[in-house]
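Here are the chains, one letter per residue:
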Amino acid sequence: MKVLIVGSGGREHAIAAGVAKSRKVDEIFCAPGNAGIAEIAKCVEIGAMEFEKLVSFAKEEQIDLVVVGMDDPLVGGLVDLLEAEGIRTFGPRKNAAILEGSKAFSKNLMKKYQIPTAAYETFTDSKEAIQYLETAKFPIVLKADGLALGKGVLICNTLEEAKEGVKSLMLDKKFGTAGNEIVIEEFMTGREVSVLSFVDGKTIKTMTSAQDHKRAGDGDTGLNTGGMGTFSPSPFYTKEVEAFCNQHIYQATVDAMRQEGREFKGIIFFGLMLTEEGPKVLEYNARFGDPEAQVVLPRMKSDLVEVMEACIDGTLDQVDLQFEDNAAVCVVLASDGYPVSYEKGFPIQGLEKFQDQDTYYCFHAGTALKDGKIVTNGGRVLGITAKGKDLKEARANAYAATDWIQFENKYMRHDIGKAIDEA
Ligand code: AMP
Ligand code: GLY
C-alpha cells in the first residue's frame, strides 16, 4: 500500500512512525513533512492547504490511503475533494470537521444532546456580549468560534479584562474571521484529560488517555502554547471517570453527529475537565492531539493502518483496539522565546543517539535540512518521548534523553508529568 500523510509536525511524525510499522504498507509520502519524517517517508513539497496539488499528487501516485493529520485542511474540506476523486481518505468530511471548526456549533450540539459541558452563550454582536458580561460571574472564559491555533481562548478575571477580550476577538479581529462569533462560557476548575478515539460513523473506540501541558513555563505559568509535553496514561482517568464518559459523552457525541446528518469518521479528540460535578467536555478536536499523539501512538499495539481502514469502511466494531500496559512521557524541546518570537536555523546535535526504537523516540516538529545538516525550524523543535514500565520510569527516561540533544536556545519545561506524583 502507498500512504500519503498531510502535515508537518510532531503529530505527523508519530503518525508516520505508526504507519511505517503496519504490515500492509510499502511506501509512505508526507506533504510537506519535515527533516525527521524524511527518514521514514518521501517528503513532497506541497503545503497542507494546497488542495488541488494534493489531489493531483494522490491521483498521479495512485495513493491507496491519505491520512490528514491537521485541523485546517480537515475544516477546509480536503477529505471531500479527495473522496470525490475516489481516493480513500482517513479523516472527517467538512460537514463533520465543524465539530472542531466551530466552537458555537459544538457547544450547541452538546446543549441539544445533553452532553456535559460548561454553561455558555454565543454572540455575534460585541455590544450584546458586553451587556451579558456586565452581570456575569468572574472568572469567565471567552472563545473565538473558529480555528485559532489553540490560542483563541481567553480566561478573564475581571469585567475590564473581558471587555478588552471582546474587543480584541470581535473588533480588532486578532484571530481574523475566527472571532466573528464568540462563545462566552462558565469557568470550570479541575484536572484536564485528553482522550482520543477512532470513529467510523457509528462505532467509537477510545484510545489510552493522556494529559497535555499547555503553558510555556514550569508550574503552568506563562503563555498558552500548542503543548509543551504529555504523559500517558493519565492516572486521574479512573475506571469511574471512563464509565461516566462512556455513558454520557463518547457514544452520545457520535450519535448526535449522525442525527444531525454529519456522520463523523476519523479521530475525535475529547478535551475533558474532571470537575467536582463530574467530567465535562472542554473542547472537541477532529484529529490527533499534538503532542498527545507522541505518547499515545507509540503505545498502540494494533496496526494503525488497519484501524484507520476500519473507520473508513464502517467496520470498527470488529476491531480489538489494544494498547501496551506501560507508560510514556513526551518532553517538547522548543526554541527559547516560543510561543512569541524565536530564532531558527541552529544545527541540532545528538539525533543519532535515538537508536532503541522501542523505548526512545525523537519526533521532529520544527526541523529542516540545510546544507546536509538538520537545523531548528520552528517554535516546537522536537518531541522527546520515552516509555517505561510506569509513569515515573517513563519520565526519568524521557528527561535523560533530552540531554542527548543539543542546539542553541534549547528550551523545555522541567515538570512534565509532575502531577503524577500526586496521583
Ligand atoms: P480549548 O481550546 O477550548 O481546549 O481551551 C484551551 C484551554 O483553555 C483548555 O485546555 C483549558 O485549560 C482552558 N479552558 C477552556 N475552557 C475553559 C473553561 N470553561 N474553564 C476553565 N478553563 C478553560
Ligand atoms: N495538544 C492539544 C491539541 O493538539 O490541540
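Just above sits the structure.
Rules and cut-offs
Residues numbered from 1 in each chain as written. Chains lettered and ligands numbered in written order. Predicted model: local features only at pLDDT ≥ 70, side-chain atom pairs only at ≥ 80, totals over all residues. Heavy atoms only, no water. Helix = DSSP H or I, 4+ residues; strand = E, 2+ residues; numbered from the N terminus. Rg over C-alpha atoms; globule rule 2.2 N^0.38 Å. Buried < 20%, exposed > 50% of the residue type's maximum accessible area, 1.4 Å probe, protein only. Contact = heavy atoms within 4.5 Å. Lys, Arg positive; Asp, Glu negative; His and termini not counted. Charge placed at Lys NZ, Arg CZ, Asp CG, Glu CD. Near = heavy atom within 4 Å. Polar contact = N/O pair within 3.5 Å; in protein donor to acceptor, adjacent residues only side chain to side chain. Areas by Shrake-Rupley, 256 points an atom, 1.4 Å probe, with all protein chains shown as cover. Nonpolar A, V, L, I, M, F, W, Y, C, P; charged D, E, K, R; others polar. Arc of directions from axis to C-beta. 1 Å grid on protein atoms, 1.4 Å probe; cavity = no way out; pocket = protein on both sides within 12 Å on 5 of 7 lines; lining within 4 Å. Points joined across faces, edges and corners; volume = space filled by probe spheres on them.

Trainee: Whenever I open this one, the overall build of the protein confuses me. Can you help?
Mentor: Of regular secondary structure, the protein possesses 12 helices and 23 strands. For a compact globule of 423 residues, the expected C-alpha radius of gyration is about 22 Å, and the protein comes in at 21 Å, within 12% of that figure. C-alpha extents for the protein along the principal axes are approximately 60 × 45 × 45 Å. By residue count, 57% of the 423 residues in the protein fall in the buried class. Put simply, 68% of the contacts in the protein that link residues at least 6 apart link residues at least 24 apart. Taking the average location of the 48 positive side-chain charges in the protein and that of its 64 negative ones, the two points are 1 Å from each other.

Trainee: Just checking my understanding: could you explain the site of ligand 1 for this structure?
Mentor: The environment of ligand 1 is formed by 13 residues, the closest being Glu-185, Glu-186, Met-188, Glu-192 and Glu-283. Contact distances for ligand 1 include 2.7 Å between a nitrogen atom and a side-chain N or O atom of Glu-185. A distance of 2.4 Å separates an oxygen atom of ligand 1 from a polar atom in the side chain of Glu-192. Starting from 460 Å² of accessible surface for ligand 1 in isolation, the protein chains cover 92%. For the shell around ligand 1, the class distribution of residues is six nonpolar, no polar and seven charged.

Trainee: Would you take a moment to explain helix α2 (residues 51-60) for this structure?
Mentor: It helps to recall that an α-helix has 3.6 residues per turn; residues three or four apart then point in one direction. The complete set of buried residues in α2 reads Phe-51, Leu-54, Val-55, Phe-57 and Ala-58. Along the axis of α2, the buried positions cluster into a sector of 165°, meaning they face one direction only. Residues of α2 that are exposed and angled more than 90 degrees away from the buried face: Glu-52 and Glu-60. In the stretch just after α2, Gln-62 is the one whose phi turns positive, near 50°.

Trainee: So what exactly am I meant to see when it comes to empty space enclosed by the protein here?
Mentor: Empty pockets left among the atoms are what a rolling probe the size of a water molecule brings to light. Evaluated as defined, the whole model comprises two cavities of 30 Å³ or more. Approximately 80 Å³ is the volume found for the largest cavity. Only α5 (94-101), α6 (103-112) and β17 (278-285) provide two or more residues apiece to the lining of the largest cavity. Taken together, Val-68, Leu-74, Phe-90, Gly-91, Ile-267, Ala-286, Arg-287 and Phe-288 form the lining of the second largest cavity. Its residues assigned to classes, the lining of the second largest cavity comprises six nonpolar, one polar and one charged.

Trainee: Mind showing me how you'd approach the site of ligand 2 here?
Mentor: As a matter of local geometry, ligand 2 sits amid Asp-212, Gly-226, Phe-269, Asn-285, Arg-287, Gly-289, Asp-290, Pro-291 and Glu-292. Here a nitrogen atom of ligand 2 and a side-chain polar atom of Asp-212 are 2.8 Å apart. The contact in question runs from an oxygen atom of ligand 2 to an N or O atom on the backbone of Asp-290, over 2.9 Å. Alone, ligand 2 offers 200 Å² of accessible surface; in the complex the protein occludes 89% of this. Residues that form the shell around ligand 2 fall into these classes: two nonpolar, three polar and four charged.

Trainee: Explain the environment of Val-254 to me, please; I cannot follow it from the model alone.
Mentor: Inspection of the secondary structure puts Val-254 in helix α9 (residues 239-259). Taking the relative accessible area as the measure of exposure, Val-254 reaches 1% and is therefore buried. Along the backbone, Val-254 and Lys-265 are 11 residues apart, and their C-alpha atoms lie at a distance of 9.2 Å. Setting aside anything within four residues of it in sequence, one finds Val-254 in contact with Val-199, Gly-201, Lys-202, Ile-204 and Ile-268.

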